[in-house]
Amino acid sequence: MPTSAAPAPGSSDSPGSSAALTCDQLRNAQLQTALVKLPDHPRDSMRLTDGHWAGEDGVRVDLVEPECATGRLVGDAAADAVGVVKITPEGTGRFYTVVVWRNDHGTPVPAATLSLGDRNPVVALTVRGPNVAVVYHTRHDTDPPVAHTVTRTSVYRVEGTSLREISRVDARYTGD
């Protein structure tokens, strides 16, 4: 899967900046804050433990690996990280959410989220400058919810606590 090149763990992007975040750090990262919520399962707070979280209500949240990339997304000199979580409530839904973590002195802190909706799995993430390209499988509005008919490449930019789409290209889904 394409990801951006990241500096070696513990190195700095520039003099005085924090060490770049790593994809491995996301396995135990906070997922929500008072301002940044998962659109499909907002709670007061939520932290992954070894890539997973389970609620008393039966909801599971799993970090989708290896879908992760690092780069400068929030406007400072420190390399941030972007990843995907899958929210599985009781029932048949599988909700995919893109999460951007800003680099707070080497600690991942949720900065922005974007729900891709039910059964729209991400297959690649790439960071280029302040943009993140997300490649995922989806369907046209007229297709059944279990069918993938489109491979979509959308480019987003962090805007506040969400991701704003700045471009999109759809291609015919050709299967896994």
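Note that the structure is predicted; figures quoted are calculated from it, not measured.

A. Focus on the nonpolar core. Of all hydrophobic cores here, the largest spans 20 residues; its most connected members are Val82, Leu116, Leu125, Val132, Val134, Tyr156 and Leu163. The set of elements that each furnish at least two residues to this core consists of β4 (60–71), β5 (80–88), β6 (95–104), β7 (107–118), β8 (122–128) and β9 (131–138).

B. The confidence of the model for the protein chain, seen in detail. Averaged over every residue, the pLDDT of the protein chain is 88; residues scoring 70 or more account for 90%. Low pLDDT, under 50, characterises residues 1–16; the predicted model gives this stretch 33 contacts beyond four residues in sequence or across chains.

C. View of unusual backbone geometry. The omega torsion of the bond from glutamate 65 to proline 66 falls at 15°, within 30 degrees of zero and hence cis. Of note, proline 66 is situated in strand β4. Unusually for a residue other than glycine, arginine 119 sits at a positive phi of about 60°. With respect to the helices, strands and loops of the structure, arginine 119 is situated in the loop between β7 and β8.

D. Up close: the environment of alanine 77. Its location among the elements puts alanine 77 in the loop between β4 and β5. Classification of alanine 77 by relative accessible area gives partly exposed; the value is 33%.

E. Focus on the pattern of salt bridges. For the coordinates displayed, the defined rule picks out 7 salt bridges. Between arginine 27 and aspartate 50 there is a salt bridge; the shortest N-O distance is 2.2 Å. With a gap of 23 residues between them, arginine 27 in the segment before β1 (30–32) and aspartate 50 in the loop between β2 (46–47) and β3 (52–54) connect regions that are remote in the sequence. Arginine 27 gets classed as buried once you look at its relative accessible area, which sits at 18%. Among the salt bridges present, the one from arginine 152 reaches aspartate 170, with a minimum N-O distance of 2.7 Å. Of the two residues, arginine 152 is situated in strand β10 (residues 150–159) and aspartate 170 in strand β11 (residues 162–172); the sequence distance between them amounts to 18 residues. Among the residues examined, arginine 152 registers a relative accessible area of 12% and is labelled buried. Here aspartate 170 falls in the partly exposed class, since its relative accessible area comes to 37%. Among the charged side chains, a salt-bridge network with shared partners connects Arg27, Asp50 and Glu65.

Quick notes on the rules
- Residues numbered from 1 in each chain as written.
- Predicted model: local features only at pLDDT ≥ 70, side-chain atom pairs only at ≥ 80, totals over all residues.
- Heavy atoms only, no water.
- Core = buried A, V, L, I, M, F, W, Y, C linked by side-chain atoms within 4.5 Å.
- Buried < 20%, exposed > 50% of the residue type's maximum accessible area, 1.4 Å probe, protein only.
- Helix = DSSP H or I, 4+ residues; strand = E, 2+ residues; numbered from the N terminus.
- pLDDT = per-residue confidence, 0-100.
- Contact = heavy atoms within 4.5 Å.
- Salt bridge = Lys/Arg side-chain N within 4 Å of Asp/Glu carboxyl O.

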